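# Fold and contact review
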Amino acid sequence: MQNYQVDENGFYGEFGGAYIPEILYATVEELRRSYRGILESADFQETYHRLLRDYVGRPSPLYLAKRMSERYGCQLYLKREDLNHTGAHKINNTVGQILLAQRMGKTRITCETGAGQHGVATATVCALMGLRCEVFMGATDVERQHTNVERMRMLGATVHPVRTGNMTLSDACSEAIRDWCCHPSDTFYIVGSTMGPHPYPDLVARMQSVISAEIKEQLQEQVGRSYPDYLVACIGGGSNAAGTIYHYLDDERVSIVLAEAGGHGWQTNHTAATLHRGTPGILHGAKMLVMQDDDGQIEEAFTISAGLDYPGVGPMHCNMAQKGRTRVLSINDDEAIRAGYELTRLEGIIPAIESAHAIAALGKVDFKQDDVVVLTVSGRGDKDVETYLKNKQMAGEYGDF
Ligand SMILES: *Cc1c(COP(=O)(O)O)cnc(C)c1O
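### Brief notes about the nonpolar core
- Core analysis: the biggest nonpolar cluster contains 88 residues, and L100, M152 and F188 have the highest contact counts within it.
- Counting only domains with at least three residues in this core, you end up with domain 1 (19–51 + 90–204) and domain 2 (58–88 + 209–399).
- With residues up to four places along the chain from it excluded, the contact list for L100 reads L31, Y35, I38, L39, F44, F188 and L203.
- Among the nonpolar cores identified, the runner-up in size contains 35 residues, and C234, I331, A339 and A395 belong to it.

Okay, structure coming up:
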């Protein structure tokens, strides 16, 4: 049987590892040696699960979406990560990592952010714990995600606009790593997705695995069996997808469908469909599929969705896609916008545009009437209302208002 978990050297098949500058070696090694022990300790588990319940609002509901089920000819259940505190799944991870940072004696937090959701989730837990927070964010994103920047500042974080490269997420990651290199002993880098050097992809997947742990229990209760026929999630770096599938990786009864951001189409130069387009390369500390030119220059990612706007994808997902365990679909901007409107009009749920990519995947799979499909709504669409309205011409029959 295939094993899709990380091996002891930090690899998922040929992907992963820890490609880091010498100055970070001791810090990353300390994390690698201690994270499993801390995560498995009774003290950590008790505090983590209490905060997930009382602060984040977990368990998030598993909701049978009747009108959408009818539309797609299946039994569609939505895992409502959009209802979490701060509006997305990101908070599951930041709550866990800040507890880890505290237990490792770190006093200063650094992070990267794209759309600002991870920056807000990190600034939130820093306020909660009284720790200093530095957020690196591309200057382009600072402009287009202004509300999230104001939220982070209100929460007490320092937001550093990054003006190198394309001034988006990938550049923010590079700058956060640079900051970490300058303060390796007192700073904990809270990585926002299943990315970065080992052990981060595994650490983040474990923090998000609460999603599939709950799905198992909720399906048992609502459907009478603990597994679905399909799991569907959107994928940027891969954290909400990893959390959604974590407890089903080796369960071949469960088909996994992932939706990446096609932008204008994965064959065009305006895309973020890394699993379709990428080739093996090293980015931000790990080997993964990267969109790059023949000289290894990283290509700019393009998508309407700031949270999926990254030219790489986490090593766990590179391996699973390569081995055929996951089916990866490329969803274009217009398909995502239309799907976002559809969920809004049929169920009264405005999803994040990232999550709308997963909704759009429903129309590309042939379901049977009694198939149980669980789709993770990774976040809420409050931050995207302006973009939805600006692009309502893409919404087909729903755009006529
Ligand atoms: C950040 C984000 C994503 C993409 O990140 P993953 O690590 O791939 O989950 C998806 N949806 C929302 C709402 C986000 O904020």
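Still to come is the rest of the account.
### Comments concerning the pattern of salt bridges
- Counted under the stated rule, the structure contains 25 salt bridges.
- The partner of K106 in a salt bridge is E30, with the nearest N and O atoms 3.6 Å apart. Placement of the pair is K106 in the loop between α4 (90–103) and β5 (108–113) and E30 in helix α1 (residues 25–40), with a sequence separation of 76 residues.
- With a closest N to O distance of 3.2 Å, E40 and R36 form a salt bridge. Here E40 and its partner R36 are both found in helix α1, 4 residues apart, which amounts to about one turn of the helix.
- When its relative accessible area of 39% is taken as the criterion, R36 is described as partly exposed.
- Put simply, R58, K79, E81 and E214 are held in one network by salt bridges that share partners.

### Some remarks on helix α5 (residues 117–129)
- For α5, built from 13 residues, the straight-helix expectation of 18 Å at 1.5 Å per residue is met to within 8% by its first-to-last C-alpha distance of 19 Å.
- Along its buried surface, α5 packs onto α2 (42–56), α4, β5, β6 (132–138) and α7 (146–154).
- Just beyond α5, the residue with positive phi is G130, at close to 70°.

### Comments concerning the layout of surface pockets
- Taken as a whole, the largest pocket holds about 580 Å³ of empty space.
- R144, Q145, K383, D384 and T387 are, among the 24 residues lining the largest pocket, the residues nearest its centre.
- Breaking the lining of the largest pocket down by element, the ones donating at least two residues are α7, α15 (353–361) and α16 (385–390).
- Here the residues of the lining of the largest pocket sort into 5 nonpolar, 10 polar and 9 charged.
- The two domains that each donate at least three residues to the lining of the largest pocket are domain 1 (19–51 + 90–204) and domain 2 (58–88 + 209–399).

### With respect to the sheet that holds β5
- In spatial order, the strands read β7-β6-β5-β8; together these 4 strands make up an open sheet with parallel pairing. Across the chains shown, the open sheet's two edge strands, defined by having one partner strand only, are β7 (158–162) and β8 (187–189). Put simply, the sheet's adjacent strands are angled 25° from each other on average, direction ignored.
- Strand direction decides the pairing type here: β5 and β6, joined by 6 bridges, are parallel. Bridged to E112 within β6 is F136.
- Set on the sheet, helix α8 (residues 169–182) makes contact with β5, β6, β7 and β8; between it and β5 the angle comes to about 160°.

### A few points about the site of the ligand
- Neighbouring the ligand are 17 residues, the closest being K90, S193, G238, S239 and S378.
- One of the side-chain nitrogen or oxygen atoms of S378 is found 2.7 Å away from a nitrogen atom of the ligand.
- Broken down by class, the residue content of the shell around the ligand amounts to 4 nonpolar, 11 polar and 2 charged.
- Each of two domains, domain 1 (19–51 + 90–204) and domain 2 (58–88 + 209–399), supplies a minimum of three residues to the shell around the ligand.

### With respect to a nonpolar patch on the surface
- A surface patch of nonpolar side chains, amounting to about 360 Å² of accessible area, comprises I350, V385, L389 and F401.
- Among the structural elements, F401 can be located in the segment after α16.

### Regarding the environment of Y398
- Tracing the sequence through the fold places Y398 in the segment after α16.
- Between the C-alpha atoms of Y398 and E342, which are 56 residues apart in sequence, the distance is 7.0 Å.

### What about the packing of aromatic side chains?
- Taken as a whole, this structure holds 8 aromatic pairs when the rule is applied.
- For the pair F44 and Y48, a centre-to-centre distance of 5.5 Å together with 25° between the ring planes defines the contact as stacked. Placement of both F44 and Y48 in helix α2 is noted, with a separation of 4 residues, approximately one turn of the helix. Just as F44 is buried, Y48 falls in that class too.
- Relative to F401, the ring of Y341 has its centre 6.1 Å away and its plane inclined at 45°; by these criteria the two rings are tilted. Note that Y341 is positioned in helix α14 (residues 333–347) and F401 in the segment after α16, a separation of 60 residues in sequence.
- Within the aromatic cluster, the residues linked to one another by ring pairs are W180, F188, Y189 and Y200.
- Residue placement shows R225 over the ring face of Y227; its charged tip is 4.5 Å from the ring centre.

### A closer look at the side chain of Q97
- Looking at where Q97 falls in the secondary structure, it is placed in helix α4.
- The class for Q97 is buried, based on a relative accessible area of 0%.
- If sequence neighbours within four positions are ignored, Q97 has contacts with F188, Y189, I190, V191, Y200, L203, V204 and M207.

### Digging into the domain arrangement of the chain
- Its domain assignment divides the chain into domain 1 (19–51 + 90–204) and domain 2 (58–88 + 209–399).
- Summarising the inter-unit geometry, the C-alpha centres of domain 1 and domain 2 are found 23 Å apart.
- Tallying the contact residues gives 29 residues for domain 1 and 32 residues for domain 2.
- Of the roughly 2400 Å² buried where domain 1 meets domain 2, counting both sides, 58% is carbon and sulfur surface.
- Applying the counting criterion to the domain 1 and domain 2 interface returns 1 salt bridge.
- The partner of D309 in a salt bridge is R144, with the nearest N and O atoms 2.9 Å apart.
- Looking at which element gives the most residues to the side of domain 1 that touches domain 2, the answer is α8, with 5 residues.
- Across the side of domain 1 that touches domain 2, the residue classes break down as 13 nonpolar, 12 polar and 4 charged.

The rules behind the values
Residues numbered from 1 in each chain as written. Predicted model: local features only at pLDDT ≥ 70, side-chain atom pairs only at ≥ 80, totals over all residues. Heavy atoms only, no water. Core = buried A, V, L, I, M, F, W, Y, C linked by side-chain atoms within 4.5 Å. Buried < 20%, exposed > 50% of the residue type's maximum accessible area, 1.4 Å probe, protein only. Domains from an automatic or database assignment. Contact = heavy atoms within 4.5 Å. Salt bridge = Lys/Arg side-chain N within 4 Å of Asp/Glu carboxyl O. Helix = DSSP H or I, 4+ residues; strand = E, 2+ residues; numbered from the N terminus. Expected span 1.5 Å × (residues − 1). 1 Å grid on protein atoms, 1.4 Å probe; cavity = no way out; pocket = protein on both sides within 12 Å on 5 of 7 lines; lining within 4 Å. Points joined across faces, edges and corners; volume = space filled by probe spheres on them. Nonpolar A, V, L, I, M, F, W, Y, C, P; charged D, E, K, R; others polar. Pairing = 2+ DSSP bridges. Axes fitted to C-alpha atoms, helices over the stretch in contact; angles between N-to-C directions. Near = heavy atom within 4 Å. Polar contact = N/O pair within 3.5 Å; in protein donor to acceptor, adjacent residues only side chain to side chain. Patch = residues over 30% accessible without salt bridge, like charges linked within 9 Å, V, L, I, M, F, W, Y side chains within 5 Å. Areas by Shrake-Rupley, 256 points an atom, 1.4 Å probe, with all protein chains shown as cover. Phe/Tyr/Trp six-rings, centres within 6.5 Å; stacked < 30°, edge-to-face > 60°. Lys NZ or Arg CZ within 6 Å of the ring centre and 35° of its normal. Buried area = accessible area lost by both parts, 1.4 Å probe.

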